[in-house]
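# Architecture at a glance
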Amino acid sequence: MVLVYAESPKGQFKKSAFEAVSYGKMVADAMGKSCTALVLGNAENAGQLGKYGASKVVQANGAFENFDSQVFAEVIANAAKELGGEVIIVNHSSTGKSLLGRLAVKLNAGSVSGVNSVPTVDGGFKVKKNVFSGKAIAEYEVKTAVKVLSLMGNSFPPAESGSDVAVESIDATAPAARVTVKNVQTVDGTVPLPEAELVVSAGRGMKGPENWGIIEELADVVGATTACSRPVADIGWRPHHEHVGQTGVAIRPNLYFAIGISGAIQHLAGVNSSKVIVVINKDPEAPFFKAADYGVCADLFDVVPKLTEAFKKFNAANS
Amino acid sequence: MKLLVCVTQTPETTANISFNADNTEFNTAGVNFIMNPYDEWYALVRALELKEAAGGSVTIINVGPAANDTVIRKGLAIGADDAVRINAEPKSAMFVAKQIAEYAKEGSFDMVILGKESIDYNGASVGAMVAEYLDMPFVSFGTKMEVAGNTATINRDIEGGEEVVEVATPFVVSAAKGMAEQRIPNMRGIMMAKRKPLNVVEPVAFDDPTAVVNYTLPSAKSAVKMVDPEDMDELVRLLHEEAKII
Ligand SMILES: Cc1cc2nc3c(=O)[nH]c(=O)nc-3n(C[C@H](O)[C@H](O)[C@H](O)COP(=O)(O)OP(=O)(O)OC[C@H]3O[C@@H](n4cnc5c(N)ncnc54)[C@H](O)[C@@H]3O)c2cc1C
Ligand SMILES: Nc1ncnc2c1ncn2[C@@H]1O[C@H](COP(=O)(O)O)[C@@H](O)[C@H]1O
């Protein structure tokens, strides 16, 4: 059986949970097995995970508002043992990354993190992920009976293949938390960067933080999350969590706008897996154009407002 | 405070990535190796700062072959007191974690500090494994860490924001950007590093649970399509009709 841990921060599933369950269903199909979703603590309408391919949804009762990898891993590993999980799937998120290694050790399982392919199972269990910052793809063989995978965000869209199922609850015995959460601050209302399908990103070409209005307006009209290059976060023009690239967040949205960003290799390392890249830069020699699908060579201060207007027109015509 | 810092080496970002003839091995010829930036800039430097503030020692650990000694010496030059190399090819995260944990459990370290991920295989896996082997709390992606007595307050990156947590020693923490500022080794540090102990320890037996069976290069991007700056409607049309992304 394939066991998917569906994250439910603040009692809500996000798109990533549906992605993980949909992926779990694909893995289960490849193996000729079924897919079970596991939810920790309260979650609104856990039965909806059935729509994404879970034939069974199991909810562990208990207080799981605050994250401690030791507590969560214990509950997930116990459930995996009890329910007979052969492949355990988590998201490649801050939560999932903190769990994968613990689950692997607890279950004597080989693990592959950040996978982006459906495993092949004939002649060994094999699955792929991007390595060397997207410059290559490696195929891993997992040799153990139990396997743990974390799924790279935006690799597979959530796919509806079934309908809501009844939720079974189990009582979870968990150790006491040793990590105490004091404070959580997230920007509400926008999709967090690692999950965003559309991203509008800007760099030092913006000249100063006071000019970001045109970027925010474009992002707003497109329905995108904003990001930035590293120097821009370093000098404090933009918040640190917006920084993408090798030392920042690695993302793979469907659409990435790079505005006034030169396209240094360390920046590309975090964004070159994006499906479509649009570059706006006034320098025709900017290296980013080589990684782009569409390019506009012009002054961003002229072109960005025009692009925003064009999107407004498009939205009006298509709503 | 006794601190253990895990460091690994990775190809430089600008390195040309190629493979052997049957695409089963990474071709290291002509590749320049560096200390993994998260380990060097953040994990190691924060450890040194904590030691400078409260006393104690900073030990570097690497699981790797003798070729890694150059990178380990650089860590000593930056300021670590001593180093240990577990003499084995690091072929899987679990193997590496097992070796680190075996060493760490004898040393009664207050903290094991790692980088948030290695920039070659981007595993972000070893930290949680070490913590599990040692039955210690694990705080990942720390961007700030203050220590008072035996309690650490750590800010960590989460999706779209940050979380502040408290944890008592001993624990395992992984370091992301923000934790410290890069330090460049000076001449004196480099000279002193030559005399600092670098102990080589043989690994404990452990089977790799995973193996890379082949590598491929991503398909080449087609050439960029340039759009007239005066015609942004055209760009929107292309994104809609050609790329089918909106
Ligand atoms: C080890 C290491 C790790 C790094 N990690 C990261 C990382 O994770 N992420 C990251 O982003 N960087 C990273 N960097 C830094 C990286 O090398 C570049 O320095 C950085 O990405 C450049 O940022 P930028 O493109 O915003 O600025 P610049 O390189 O200054 O580029 C600005 C661009 O804006 C264009 N421009 C200027 N004015 C206009 C205008 N009016 N209209 C249109 N275009 C205009 C210019 O032509 C230029 O191309 C790292 C560097 C190192 C050494
Ligand atoms: N071979 C190794 N030797 C020592 N530490 C390592 C090794 N590989 C990884 N690490 C540590 O584990 C962190 C995460 O690595 P990874 O899980 O491979 O992304 C790195 O930043 C290092 O601190």
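Above: the structure in question.
For the rest of this paragraph, the subject is helix α2 (residues 69-83) of chain A. Residues and elements named next belong to chain A. Taking 1.5 Å per residue, 15 residues should reach 21 Å; α2 reaches 21 Å between its end C-alpha atoms and fits that length. Within the span of α2, buried status applies to Ser69, Gln70, Val71, Phe72, Ala73, Val75, Ile76, Ala77, Ala79 and Ala80. With a side-chain oxygen lying 3.0 Å from the backbone nitrogen of Gln70, the N-terminal cap of α2 falls on Asp68. Positive phi appears at Gly84, one or two residues downstream of α2, with a value of about 80 degrees.

Quoted interface sizes are often the accessible area lost when the parts come together. Across the contact, 87 residues belong to chain A and 77 residues belong to chain B. Carbon and sulfur atoms supply 59% of the area that chain A and chain B bury against each other, a total of about 6900 Å² over both sides. Inspection of the chain A/chain B interface yields seven salt bridges. Residue Glu166 of chain B is joined to Lys182 of chain A by a salt bridge in which the shortest nitrogen-to-oxygen separation is 3.8 Å. Here chain A is connected to chain B by 33 residue pairs in polar contact (both at pLDDT 80 or more). It is helix α3 (residues 94-106) of chain A that provides the largest number of residues to the side of chain A that touches chain B, a total of nine residues. When the residues that make up the side of chain A that touches chain B are grouped by side-chain class, the tally is 39 nonpolar, 29 polar and 19 charged.

This paragraph deals with the site of ligand 2. Residues and elements named next belong to chain B. Around ligand 2 sit 19 residues, and of these Cys6, Asp39, Ser118, Ala124 and Ser125 come closest. Val7 places a main-chain nitrogen or oxygen 3.4 Å from a nitrogen atom of ligand 2. Val63 places a polar main-chain atom, nitrogen or oxygen, 2.8 Å from a nitrogen atom of ligand 2. Burial of ligand 2 by the protein chains amounts to 95% of its free accessible area of 490 Å². Those elements that place two or more of their residues in the shell around ligand 2 are β4 (57-64), α3 (93-107) and β6 (111-115). Ranked by residues supplied to the shell around ligand 2, first place goes to β4 with three residues. The residue inventory of the shell around ligand 2, partitioned by class, reads 10 nonpolar, seven polar and two charged.

So, about the environment of Asn62 of chain B. Residues and elements named next belong to chain B. Along the chain, Asn62 turns up in strand β4. When its relative accessible area of 3% is taken as the criterion, Asn62 is described as buried. Here the alpha-carbon distance between Asn62 and Val200, two residues 138 residues apart in the chain, equals 9.7 Å. Asn62 has contacts with Val7, Thr8, Gln9, Asn68, Ile72, Val84, Arg85 and Ile86, leaving out every residue within four places of it along the chain. Separated by 3.4 Å, the side chain of Asn62 and the backbone nitrogen of Gly64 make a polar contact.

Turning our eyes to something else, we now look at the site of ligand 1. All names here are of chain A. Taken together, the neighbourhood of ligand 1 is formed by 27 residues, with Ser229, Ser262, Gln266, His267 and Asn281 sitting nearest. At 2.7 Å, a side-chain N or O of Asn281 approaches an oxygen atom of ligand 1. The contact in question runs from a nitrogen atom of ligand 1 to an N or O atom on the side chain of Asp299, over 3.1 Å. Burial of ligand 1 by the protein amounts to 80% of the accessible area it has alone, namely 990 Å². Secondary-structure elements contributing two or more residues to the shell around ligand 1 are α5 (230-234), α6 (265-271) and α7 (300-318).

Residue and element names in this part refer to chain B. Omega for the bond connecting Thr169 with Pro170 falls within 30 degrees of zero, at 0 degrees, which places this linkage in the cis form. The residue Asn122 is not glycine, and still its phi comes out positive at about 45 degrees. Considering the arrangement of structural elements, one finds Asn122 in the loop between β6 and α4 (126-134). According to the relative accessible area criterion, Asn122 is buried, its value standing at 14%. Of note in this structure, Phe141 is not a glycine but carries a positive phi near 60 degrees. With respect to the helices and strands, the residue Phe141 is situated in strand β7 (residues 138-148). Look at Phe141 and you get buried, because its relative accessible area is 7%.

We now examine the pattern of salt bridges. Taken as a whole and judged by the stated rule, the model has 31 salt bridges over all chains. Between Glu230 of chain B and Lys306 of chain A there is a salt bridge, and its shortest N-O distance comes to 3.3 Å. On the criterion of chain membership, the pair formed by Glu230 of chain B in the loop between β13 (225-226) and α6 (232-242) and Lys306 of chain A in helix α7 is interchain, its members lying in two chains. Of the charged contacts in the structure, one is a salt bridge between Lys51 of chain B and Asp81 of chain B, with a shortest N-O distance of 2.8 Å. Of the two residues, Lys51 of chain B is situated in helix α1 (residues 37-54) and Asp81 of chain B in the loop between α2 (69-78) and β5 (82-87); the sequence distance between them amounts to 30 residues. Residue Asp81 of chain B is classed as partly exposed on the basis of its relative accessible area, which comes to 27%. Members of the salt-bridge network, linked through shared partners, are Glu74, Arg102 and Lys106 of chain A together with Glu132 of chain B.

About the criteria used
- Residues numbered from 1 in each chain as written.
- Chains lettered and ligands numbered in written order.
- Predicted model: local features only at pLDDT ≥ 70, side-chain atom pairs only at ≥ 80, totals over all residues.
- Heavy atoms only, no water.
- Helix = DSSP H or I, 4+ residues; strand = E, 2+ residues; numbered from the N terminus.
- Expected span 1.5 Å × (residues − 1).
- Buried < 20%, exposed > 50% of the residue type's maximum accessible area, 1.4 Å probe, protein only.
- Polar contact = N/O pair within 3.5 Å; in protein donor to acceptor, adjacent residues only side chain to side chain.
- Contact = heavy atoms within 4.5 Å.
- Buried area = accessible area lost by both parts, 1.4 Å probe.
- Salt bridge = Lys/Arg side-chain N within 4 Å of Asp/Glu carboxyl O.
- Nonpolar A, V, L, I, M, F, W, Y, C, P; charged D, E, K, R; others polar.
- Near = heavy atom within 4 Å.
- Areas by Shrake-Rupley, 256 points an atom, 1.4 Å probe, with all protein chains shown as cover.

Just geometry here; none of it tells us what the structure is for.
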